[in-house]
Amino acid sequence: MTEKALFSGISIHRRQFLLIFFLIVNSITWFFTMFSVAKDLQFFWVLPTATIVSLLIGPLIAEKVPRMRFLFFWVLVGVISSLLPVFLSKFGEHGTAVSLALWGFSFGIGAPSALALMPALTRVEERGRVGGVIFFVTFAILPLFVLTIGNLDISSSSLPLAVWRGLALLLLFSLKVDLGATLKPVSYTSIFPRREFLLFFAPWLIFGLVHQLEYPVIEQSFGTNYMWTLTIVESVVGSLFCFIGGWSMDFWGRKWTILIGLMLLGLGFALLSFFPLALVVQAFYIGADGIAWGIFTVAFGLVIWGDMANHQQAEKFYGLGSIPTPLALLAAGLASPWLKTLDASKAFPLASFFLFLAVIPIFFAPELLPEKVVKERELRKYVEEAKKIAGRG
């Protein structure tokens, strides 16, 4: 029996989409809920540090193990690690530190393999839209997890985290999916020096650091209420622009969509530098922040590294490309006490400068949506319009 495609014009089969969709939604919400639980703990830094290390180790293990078996092992480890704080909390702060290390490890070890399902199962011209749908749902429901499970202590959060992670285990048990052909392996040493990799990685790293490091400054300057408003609006606008940005990347290209996000956010910080008390400027910044965040999470979370892999094993591309997120969370958490003392009149111009600086590499970066795809789409559109005109004649 032939598998049905998801939608007209989208080649990914429904079972394949269900696997990618739930695995990524489950994994991302699970990780950020764990971070919400951990962020106020003394050893919180262990979680993002372990995540960074395991993002690099995971692809090395994955290339030696069948993909579905490795994904099953990854999710199982996640269920077990979610439950461990119940038993390790009796050892005090050291037990908590071990729990956080295992949480970070159990996410990072398999996240690149889950994300690498995108280029394995989708075509380049549909990757943005598929990724946009996945991240639209992910970040639309994430606040529910953060506001409920994320507000529990580390021991109380263990069971709900394990149950939520366990649902992905049930999916892998019940779903039989073709995960595509085995692709050519690639080494870290061949990826990192690539010009195109660095031209996209540098702006992503700058955005991640600016985005997280400015939060303590904004909260200190404008107050907790403004910060709550920013978080809520960013979640709503950001999740919506995950969808819109993904559509834009498939039709107008990756490069120009990313540039729009960078310039909007840079302009937002520039206006805050000159008119920090103007409500219109504050509203513009909140909207620009949400738009940029939505575009970048889809572009650099799911699309760019898959495009760059180009029929090679994509796990190492995603492993390296995912590092800026936990690195920014780590930097913001460690620097938060100092950042709260920083004068906003100095912080906002600096943020604006670095964001506009990040535009430069993108200008020199290649467009990863092939020109052939754009021309074929234009030709199909022309043929369809010609048929309509002929039909009316």
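Only a predicted model underlies this, so the values are computations on that prediction, with no experimental measurement involved.

Enquirer: When you look at the overall build of the protein chain in this model, what are you seeing that I'm missing?
Expert: Regarding its fold elements, the protein chain presents 17 helices and two strands. Against the globule reference of 21 Å for 393 residues, the protein chain gives a C-alpha radius of gyration of 21 Å, in line with a compact fold. With the C-alpha coordinates aligned to their principal axes, the bounding extent of the protein chain is approximately 75 × 55 × 40 Å. By the burial criterion, 53% of the 393 residues in the protein chain qualify as buried. Restricting the contact set of the protein chain to residue pairs at least 6 apart, pairs at least 24 apart contribute 85%. Accessible surface, the protein chain: about 18000 Å² in total, of which carbon and sulfur atoms supply 71%.

Enquirer: Quick question: what am I supposed to make of the packing of helix α1 (residues 14-38) against helix α4 (residues 92-108) here?
Expert: The angle between the axes and the distance between the axes are what describe a pair of packed helices. The contact between α1 and α4 brings their axes to 11 Å, and the two run at 160 degrees. Taken together, the axes of α1 and α4 are roughly antiparallel relative to one another. For the pair α1 and α4, the crossing hand works out as left-handed. Contacts between α1 and α4 involve Ser27, Ile28, Trp30, Phe31, Met34, Val37 and Ala38 on the former and, on the latter, Leu100, Trp103, Ser106 and Phe107. Partitioning the contact of α1 with α4 into residue classes produces nine nonpolar, two polar and no charged.

Enquirer: Could you clarify how one ought to interpret the nonpolar core in this entry?
Expert: For soluble globular proteins, the rule of thumb is that nonpolar side chains tend to be buried together. Counting residues in each nonpolar core, the largest one holds 113 residues, and the members touching the most others are Ile134, Phe200 and Trp305. It is helix α13 (residues 279-309) that provides the largest number of residues to this core, a total of 17 residues. Residue contacts for Phe200: discarding those within four places in its chain leaves Ile258, Phe300, Ile304, Trp305, Met308, Ile362, Ala365, Pro366 and Leu368.

Enquirer: What is the right way to look at the pattern of salt bridges in this model?
Expert: Note that side chains of opposite charge can pair when their charged atoms are close. Going through the model one piece at a time under the given rule, you end up with nine salt bridges. In this structure, the salt-bridge partner of Glu125 is Arg123, at a minimum N-O distance of 3.3 Å. Among the salt bridges present, the one from Arg123 reaches Glu126, with a minimum N-O distance of 3.5 Å. Of the residues examined, Arg123 reaches a relative accessible area of 38% and is grouped as partly exposed. What you see here is one network of salt bridges that share partners, running through Arg127, Arg129, Asp250, Arg254 and Asp307.

Enquirer: Would you mind showing me how to read a nonpolar patch on the surface here?
Expert: Nonpolar side chains collect at one region of the surface, where Trp256, Leu350, Phe353, Phe354, Leu357, Ile360, Phe363 and Phe364 lie side by side and expose about 820 Å² of accessible area between them. Looking at the nonpolar patch element by element, the count peaks at seven residues for helix α16 (residues 344-364). Position of Trp256 relative to the elements: it lies in helix α12 (residues 254-274). On the basis of relative accessibility, which here comes to 47%, the residue Trp256 falls in the partly exposed class.

Enquirer: I tried to follow the environment of Thr122 on my own but got confused; where do I start?
Expert: With respect to the element layout, Thr122 can be found in the loop between α6 (117-121) and α7 (127-148). Overall, Thr122 belongs to the buried group, its relative accessible area being 7%. In contact with Thr122, other than residues within four places in its own chain, are Ile12, Arg127 and Val130. Of note is the side chain of Thr122, whose polar atom sits 2.4 Å from the backbone oxygen of Met118.

Enquirer: What's the story with the packing of helix α2 (residues 46-62) against α4 in this structure? I'm lost.
Expert: For the pair α2 and α4, the least separation of the axes is 7 Å and the interaxial angle reads 35 degrees. Where α2 crosses over α4, the two elements pack in a sense that is right-handed. Where α2 abuts α4, its residues Val46, Leu47, Ala50, Thr51, Ser54 and Leu55 lie against Ala97, Leu100, Ala101, Trp103, Gly104, Phe105, Phe107 and Gly108.

Enquirer: Can you walk me through α7 in this structure?
Expert: One full turn of an α-helix is made of 3.6 residues, so residues set three or four places apart face in the same direction. Counted at 1.5 Å a residue, the expected span for α7 with its 22 residues is 32 Å, and the 32 Å between its end C-alpha atoms agrees. If you look at α7, its biggest bend is around 30 degrees, right at Ile141, and the proline Pro143 turns up within four residues after that. Along α7, the residues that are buried comprise Arg127, Gly128, Arg129, Val130, Gly131, Gly132, Ile134, Phe135, Thr138, Phe139, Leu142 and Phe145.

Enquirer: Just to check I follow, could you spell out unusual backbone geometry for this structure?
Expert: Most peptide bonds are trans, and most residues other than glycine sit at a negative phi. Positioned with a positive phi, Asn310 is a non-glycine residue whose angle comes to about 45 degrees. Residue position: Asn310 is located in the loop between α13 and α14 (315-321). Look at Asn310 and you get exposed, because its relative accessible area is 52%. Despite not being glycine, His311 shows a phi value in the positive range, around 70 degrees.

Enquirer: How should the side chain of His211 be read in this particular structure?
Expert: Structurally, His211 can be placed in helix α10 (residues 195-222). Within the structure, the side chain of His211 is placed 3.4 Å from the side chain of Tyr215, a separation counted as a polar contact. At 3.4 Å, the side chain of His211 forms a polar contact with the side chain of Asp289. With residues near it in sequence (within four places) discarded, His211 still touches Glu234, Asp289 and Trp293.

Enquirer: Would you mind going over α4 with me for this structure?
Expert: Between the first and last C-alpha of α4 there are 25 Å, a value that for 17 residues agrees with the 24 Å anticipated at 1.5 Å per step. Considered for burial, the residues of α4 that qualify are Gly95, Thr96, Ala97, Ser99, Leu100, Trp103, Gly104, Ser106, Phe107 and Gly108. Looking at the packing, one finds that the buried side of α4 touches α1, α2, α3 (67-88), α5 (111-115) and α8 (158-174).

Enquirer: Help me understand the environment of Ile20 in this model?
Expert: Inspection of the secondary structure puts Ile20 in helix α1. In this structure the C-alpha to C-alpha distance between Ile20 and Val65, which are 45 residues apart in sequence, comes to 19 Å. In contact with Ile20, other than residues within four places in its own chain, are Ile12, Leu117, Met118, Leu121 and Ile134.

Rules used throughout
- Residues numbered from 1 in each chain as written.
- Predicted model: local features only at pLDDT ≥ 70, side-chain atom pairs only at ≥ 80, totals over all residues.
- Heavy atoms only, no water.
- Helix = DSSP H or I, 4+ residues; strand = E, 2+ residues; numbered from the N terminus.
- Rg over C-alpha atoms; globule rule 2.2 N^0.38 Å.
- Buried < 20%, exposed > 50% of the residue type's maximum accessible area, 1.4 Å probe, protein only.
- Contact = heavy atoms within 4.5 Å.
- Areas by Shrake-Rupley, 256 points an atom, 1.4 Å probe, with all protein chains shown as cover.
- Axes fitted to C-alpha atoms, helices over the stretch in contact; angles between N-to-C directions.
- Parallel < 35°, antiparallel > 145°, perpendicular 65-115°, else oblique.
- Left-handed = near helix turned anticlockwise from the far one by under 90°.
- Nonpolar A, V, L, I, M, F, W, Y, C, P; charged D, E, K, R; others polar.
- Core = buried A, V, L, I, M, F, W, Y, C linked by side-chain atoms within 4.5 Å.
- Salt bridge = Lys/Arg side-chain N within 4 Å of Asp/Glu carboxyl O.
- Patch = residues over 30% accessible without salt bridge, like charges linked within 9 Å, V, L, I, M, F, W, Y side chains within 5 Å.
- Polar contact = N/O pair within 3.5 Å; in protein donor to acceptor, adjacent residues only side chain to side chain.
- Expected span 1.5 Å × (residues − 1).
- Bend = angle between axes of the 7 residues up to and from the residue.

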